[in-house]
Amino acid sequence: MKTIVTFGEVMGRLAPEGVQRLRQTLPGPLNLTFGGAEANVAASLAQLGASARFVTALPQHAVADACVGFLTGLGVDVSEILRTKQGRLGLYFFENGANQRPSNVIYDRSHSSVSLARAEDYDWEKILDGACWLHTTGITPALSQVSAETVQHAVETAKKKGLTVSCDLNFRKKLWGWKPGTDSRALAGETMRGILPFVDVLIANEEDAADVLDIHASDTDVDSGKLAIDQYPDVAREIVKQFPNVSKVAITLRESLSASHNNWGAMLYEAASNRSYFAPLRDGQYEPYQIKNIVDRVGGGDSFGAGLIFALNTQELSAPDKAIAFAAAASCLCHSIVGDVNFTSRAEVESLMGGSASGRVVR
């Protein structure tokens, strides 16, 4: 497998122990770890056995050094991370929800190094050398106009070099604010419609297409956990109709019954065959994983993206039915792990795909 490149922001994650609230634990200790969508994908890919290169911009100080060391220890190629004199390490504060209390994220990432670094500050020819794939998300363009322009340049360069490009829409309402007077959804739609013509594989969750592209699944109420699963192939077809360059659309299908109990599955639409594939299946019918005791849901979508990219680049997993089954299983397991990164091996994912879901001790 050739190298898979991901580009975006990595941040410090500050969180109380367990399911404590920030105002409950502060003043007091918070756990500092590292995470961010594209970094999570690279780290998860490395855990699965892929060659993954993560690209970002970080300041020149000891905490950023520790972040680079963390990624290096996971097997991620960090050789093209840009170290800058301007900007800072972005942060986010995380409260892990439980039962009917939702999780909550507080962003502190204004003027981060990656939001200030221009496209020409990176050596894209060198970054993409020897790579077969570039992955990014709709989070990085939300940070600033400069980072949006950098993502645009990256995907255009990747396509010129013949790479496959994937993008996770990942709409974050709290971040899209760099154009005063423009609604966050309108700004996201305007920006992402410039990027998507250079994307081959589009990844989204159950509401991203509605928020960013104004493409809705009828009879769906995400807030109540009600999804009209049979409507999502039509959502994918409309995406491909508007962006005929997109060859595959993957949509995660999260039914959030509470913060601790989600049903989880996914769909992969293949434009060439006009077919949709769902996972997981029981007796040939879609039946989502029931995740009743979520440990940490942050990074669940990123682990799905990593699983899908890995499968599509692995010959024996690349058939669409197998690829979506692998991705859904990988992301299901991520919900059992604290932190952003899916510390799950390929063998563990394939075991769940094969029906080993009881959680019995492996001796």
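Treat the numbers as computed from the prediction; the structure is a model and nothing was measured.

1. Comments concerning the environment of Ala-142
Next, step 1: Looking at the secondary structure, you find Ala-142 in helix α6 (residues 140-143).
Next, step 2: Sequence separation of Ala-142 and Leu-163 is 21 residues, and the distance between their C-alpha atoms is 24 Å.
Next, step 3: Among residues more than four places away in sequence, those in contact with Ala-142 are Leu-175, Trp-176 and Trp-178.

2. Things to note about the state of the cysteines
Next, step 1: Evaluation of the coordinates by the stated rule reveals zero disulfides.
Next, step 2: Cys-332 takes part in no disulfide bond, and the closest cysteine sulfur to it belongs to Cys-334, at a distance of 9.8 Å.

3. Overview of the pattern of salt bridges
Next, step 1: This model, assessed by the stated rule, comprises 18 salt bridges.
Next, step 2: Where Arg-13 meets Asp-296, a salt bridge forms, and the shortest distance between an N and an O atom there is 2.6 Å. Taken together, the positions of Arg-13 in strand β2 (residues 11-15) and Asp-296 in the loop between β17 (289-291) and α11 (300-312) put the pair 283 residues apart, joining distant regions of the chain. Considered together, Arg-13 and Asp-296 belong to a single accessibility category, that of buried residues.
Next, step 3: Among the charged side chains, a network of salt bridges with common partners joins Arg-13, Asp-296 and Asp-340.

4. What to know about the pairing of strand β11 (residues 201-204)
On a regular strand, each side chain points to the face opposite its neighbour's, so the side chains alternate between the two faces of the sheet.
Next, step 1: Of the two faces of β11, both are covered, the one formed by Val-201 and Ile-203 as well as the one formed by Leu-202 and Ala-204.
Next, step 2: Alignment of strand β10 (residues 164-168) against β11, held across three bridges, turns out to be parallel. Counterpart to Asp-168 in the pairing with β11 is Ile-203.
Next, step 3: Regarding topology, helix α8 (residues 184-195) serves as the crossover connection from β10 to the parallel β11, and that connection is right-handed.
Next, step 4: Where β11 and strand β12 (residues 248-256) come together, four bridges link them in parallel fashion. The residue of β12 that forms the bridge with Ala-204 is Ile-251.

5. Section: the packing of helix α2 (residues 37-48) against α11
Between two packed helices, the angle of one axis relative to the other and the distance separating the axes together describe the packing.
Next, step 1: Running from N to C, α2 and α11 point in directions that differ by 50°, and their axes come no closer than 8 Å. It follows that α2 is oblique to α11 by the angle criterion. In the packing of α2 onto α11, the handedness of the crossing is right-handed. The residues of α11 that touch α2, namely those facing Ala-37, Asn-40, Val-41, Ser-44, Leu-45 and Leu-48, are Asp-302, Ser-303, Ala-306, Gly-307, Ile-309 and Phe-310.
Next, step 2: Tallied by class, residues from the contact of α2 with α11 come to seven nonpolar, four polar and one charged.

6. Some thoughts on α2
Next, step 1: If you check α2, its first and last C-alpha atoms are 17 Å apart, about what 12 residues at 1.5 Å a residue would give, namely 16 Å.
Next, step 2: Of all 12 residues in α2, 11 are buried, a share of seventy percent or more.

7. Points about helix α3 (residues 62-73)
Next, step 1: Its 12 residues place the ends of α3 16 Å apart at the C-alpha level, agreeing with the 16 Å of an ideal helix rising 1.5 Å per residue.
Next, step 2: Looking only at α3, the buried set comprises Ala-64, Cys-67, Val-68 and Leu-71. In a view along the axis of α3, the buried residues occupy a sector of 95°, so they form one face of it. For α3, the exposed residues lying more than 90 degrees away from the buried face are Ala-62 and Gly-73.
Next, step 3: Looking one or two places after α3, you find Gly-75, whose phi comes out positive at around 90°.

8. With respect to the sheet that holds strand β8 (residues 104-108)
Next, step 1: If you trace the four strands from one edge of the open sheet to the other, you get β3-β2-β7-β8, paired in mixed fashion. At either margin of the open sheet sits one strand with a lone partner, and together these are β3 (31-35) and β8. Neighbour to neighbour, the strand axes of the sheet diverge by 25° on average, direction disregarded.
Next, step 2: Bridge count between β2 and strand β7 (residues 91-95): three bridges; the pairing is parallel. Its bridge partner being in β7, Arg-13 is matched across the sheet by Tyr-92.

The rules we used
All residue numbers refer to positions counted from 1 along the written sequence of the respective chain. Residues qualify for local features only when their pLDDT is at least 70, as the model is predicted, and side-chain atom pairs are given and counted only at 80 or more; totals for whole chains, interfaces and linings, by contrast, use all residues. With hydrogens and water excluded, all non-hydrogen atoms of the structure serve as input to the side-chain values. Counting from the N terminus, the helices are DSSP H or I runs at least four residues long and the strands are E runs at least two residues long. By the convention used here, residues are in contact when the closest approach between their heavy atoms is within 4.5 Å. Disulfides are defined in this document as cysteine sulfur pairs within 2.5 Å. Criterion for a salt bridge: a side-chain nitrogen of Lys or Arg within 4 Å of a carboxyl oxygen of Asp or Glu. Relative accessible area decides the class of each residue, using a 1.4 Å probe on protein chains only: under 20% of the type maximum gives buried, over 50% gives exposed, and in between gives partly exposed. Only strands joined by at least two bridges in the DSSP assignment are considered to pair. Place the viewer so that the strands point away; then a crossover is right-handed whenever the path from the first strand over the helix to the second strand goes clockwise. Whenever a helix is involved, its axis is fitted only over the stretch in contact; in every case the axis is a line through C-alpha atoms, and angles between N-to-C directions fall within 0 to 180 degrees. Working definition: roughly parallel below 35 degrees, roughly antiparallel above 145 degrees, roughly perpendicular at 65 to 115 degrees, and oblique for all remaining angles. Crossings are sorted by hand: turned counterclockwise from the far helix by less than a right angle, the near helix makes the crossing left-handed, and turned clockwise it makes it right-handed. Here the nonpolar group is Ala, Val, Leu, Ile, Met, Phe, Trp, Tyr, Cys and Pro; Asp, Glu, Lys and Arg are the charged ones; every other residue, Gly included, is treated as polar. The span one expects for a helix is its residue count, reduced by one, times 1.5 Å. This arc is taken over the directions from the axis of the helix to the C-beta atoms.

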